[in-house]
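# Secondary and tertiary structure notes
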Amino acid sequence: MTQPIKYYNCPVGIEMANQHSNGEEVVIASIMSLTHRLDKFKPEEFDIIIIDEAHHAAATSYKKIIDYFKPRLLLGFTATPNRGDNVRLDDVFEKIIYQKDLKWAIQNKYLTDIECIRVNIGYDISKVARRMGDYATGELEKAMNTDILNGAIVESYKKYAKGQTLIFATSVEHAQNIAKLIEGAVAVTAETKNRGELIEKFTKREIPVLVNCMIFTEGTDIPLVETIIIARPTLNSALYTQMVGRGLRLYPGKEKLKLIDLVGTTGKANLCTSPTLLGIDMENIPKTKQDEIQGDLFDLPELIQKISDTPESWIRNIEYVNLWAKGQAYNTHNVNWFKMPNGDLILTLKNKRLKIPAQDELGETTLYGQKIKMQEALDLAFKYICENYADQKYIWDIKQVKKWGKAEASEKQKNAIKRIYKNLDVSELTKSEASQILNRLYYKGA
């Protein structure tokens, strides 16, 4: 936390542990210390407040500080703007004033490229409870830290890893057990006193593997990481991005990062894997096809589009959109939107197709060249549809679709689908399911 001091040409105070500021022009503070020292400062004390790792800003401890102070400008910086609990940051920040995504950073040579590998090691965490948007740590550790699974993790390392490797485990004991099975590996925990020395030896290639549990996430500088193995399943996209981020630094001779996602049975949970880095939702990709999602990171969107764009996912679209809207607290006005893998919303009408582009981290989308809130876009679209396509309500209103959609698909619908999908079993399709398929086929052909 004291590292930035050298960049200031004015007095700098510190609020952390036993350190206290004394009227300096710049004050650097830890969140935990400042929450207990707010009475030391006036609400108008600071002209500008800068929050690093700003994706945490919706947390209670941060909000306590944000709500107390009244600065002219509140500025947040983060490399992982998506929170794992789906809470948007629009209740803290008004707009994004500067944004460069992972793709831009890699293409402009600020970060290294990523080769993504998906290895199913057979774990089953479908019954692991969830706490605050992620798996309950204790239950996750019990499910993952077994001799068989640890052996599978080691085999994955031997078979797929290249060069200096960083492994993320579920717990201290899990990290230690994995390290014992790999020659030369070292487990790094909160109790490890000589972390700097170990990182230096790792960078000199004297230690081939570091296995850690929630140590190397934020603020760790280890440029020479050539392989990352995610042996710590997570539903938290910010945490996942931070883990992967440890391997994205450039280093002489390092061509790309090899990212190994270890997967298994998760039940209905949408596990974070490499597509998460691009904001791609894996929820509507058939489970039988998910292990095919691997290769160079920027080849994944096209691959996912191809794999997920199937009748199997189309007929479940209403369910996908409903879950998404509930999670974001949006009112879709029962419009039968089709949610694309990249987050775009599509509505196919007769001779007309409407589109709302995917929202950003502040819950904003772009319509007619202007940024507006996603809910506003949904409201405007609903108004437009009602005014111009009331006669097609049976197509776009989910309530009406469900009423007539329970009946068996008509022969006309079945024949239209069979012309394109000759091997698809249409005998048990409902009218609603057939309609979803035909709507999507219309969009593909338009």
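Let me begin by describing the structure that accompanies this report. Nothing here was measured: the structure is a model prediction, and the numbers come from that model. (Residues numbered from 1 in each chain as written. Predicted model: local features only at pLDDT ≥ 70, side-chain atom pairs only at ≥ 80, totals over all residues. Heavy atoms only, no water.)

## Describing the sheet that holds strand E8 (residues 165-168)
What the seven strands build is an open sheet, ordered E9-E10-E8-E11-E12-E5-E13; its pairing is mixed. Each edge of the open sheet carries a strand with a single partner, namely strand E9 (186-188) and strand E13 (295-296). The sheet contact formed by E9 and strand E10 (residues 209-212) spans three bridges and is parallel. From the neighbouring strand, Val-186 faces E10, where its bridge partner is Leu-210. Along the sheet, helix H5 (residues 147-160) contacts strand E5 (113-124), E8, E10, strand E11 (227-230) and strand E12 (256-265); its crossing angle with E5, the most-contacted strand, is approximately 155°. (Pairing = 2+ DSSP bridges. Helix = DSSP H or I, 4+ residues; strand = E, 2+ residues; numbered from the N terminus. Contact = heavy atoms within 4.5 Å. Axes fitted to C-alpha atoms, helices over the stretch in contact; angles between N-to-C directions.)

## Some words on the side chain of Thr-112
Within the secondary structure layout, Thr-112 lies in the loop between helix H3 (102-107) and E5. Not counting chain neighbours up to four residues away, the residues in contact with Thr-112 comprise Ile-106, Gly-247, Leu-248, Arg-249, Leu-250, Lys-254, Glu-255, Lys-256 and Leu-257.

## What about the pairing of strand E16 (residues 352-356)?
Look at any regular strand and the pattern is simple: side chains alternate between the two faces of the sheet. Relative to E16, strand E15 (residues 345-349) is paired through five bridges, and the arrangement is antiparallel. Bridge pairing in E16 links Ile-346 to Lys-355. Counting the residues that bridge the hairpin from E15 to E16 gives two residues, and of these Asn-351 lies at a positive phi of roughly 60°.

## Description of the pattern of salt bridges
The final tally for this structure, using the stated rule, is 14 salt bridges. Asp-47 serves as the salt-bridge partner of Arg-72, at 2.8 Å between the closest nitrogen and oxygen. In this pair, Arg-72 sits in the loop between helix H2 (60-68) and strand E4 (73-77) while Asp-47 sits in the loop between helix H1 (31-35) and strand E3 (48-52), placing the two residues 25 residues apart along the sequence. Measuring nitrogen to oxygen at the nearest pair gives 3.2 Å for the salt bridge that ties Asp-296 to Lys-256. Of this pair, Asp-296 sits in strand E13 while Lys-256 sits in strand E12, and the two are 40 residues apart along the sequence. The partly exposed category is assigned to Asp-296, whose relative accessible area is 28%. By relative accessible area, which is 29% here, Lys-256 ends up partly exposed. One salt-bridge network, in which partners are shared between bridges, spans Glu-15, Arg-37 and Lys-40. (Salt bridge = Lys/Arg side-chain N within 4 Å of Asp/Glu carboxyl O. Buried < 20%, exposed > 50% of the residue type's maximum accessible area, 1.4 Å probe, protein only.)

## Some thoughts on a nonpolar patch on the surface
Taken together, the side chains of Ile-48, Ile-50, Leu-73 and Phe-77 present a nonpolar region at the surface, about 360 Å² in accessible area. Elements with a minimum of two residues in the nonpolar patch: E3 and E4. Structurally, Ile-48 can be placed in strand E3. (Patch = residues over 30% accessible without salt bridge, like charges linked within 9 Å, V, L, I, M, F, W, Y side chains within 5 Å. Areas by Shrake-Rupley, 256 points an atom, 1.4 Å probe, with all protein chains shown as cover.)

## Observations concerning the packing of aromatic side chains
Counted according to the given criterion, the structure contains eight aromatic pairs. Relative to Phe-46, the ring of Phe-41 lies with its centre 5.5 Å away and its plane at 45°, an arrangement referred to as tilted. No difference in accessibility class separates Phe-41 from Phe-46, as the two residues are buried. Pairing Trp-324 with Tyr-330 gives two aromatic rings, centres 5.4 Å apart and planes at 55°, and the pair type is tilted. A single burial state applies to Trp-324 and to Tyr-330, both of which are buried. Aromatic rings pair up to connect Phe-41, Phe-46, Tyr-68 and Phe-69 into one cluster. (Phe/Tyr/Trp six-rings, centres within 6.5 Å; stacked < 30°, edge-to-face > 60°.)

## As for helix H9 (residues 300-308)
Inspection of H9 places Leu-300, Ile-304, Ile-307 and Ser-308 among the buried residues, and these make up the whole buried set. Along the long axis of H9, the arc covered by the buried residues comes to 85°, so they all point the same way. Exposed and facing more than 90 degrees away from the buried side of H9 are Glu-302 and Lys-306. As for H9, its buried residues are in contact with E5, E13 and helix H10 (311-314). (Arc of directions from axis to C-beta.)

## Some thoughts on the sheet that holds E15
Judged by pairing direction, the sheet is antiparallel, and its three strands sit side by side in the order E14-E15-E16 without closing on themselves. Since the sheet does not close on itself, it has two edges, and those belong to strand E14 (338-339) and E16, each with one partner. Where E14 and E15 come together, two bridges link them in antiparallel fashion. The residue of E15 that forms the bridge with Lys-339 is Leu-345.

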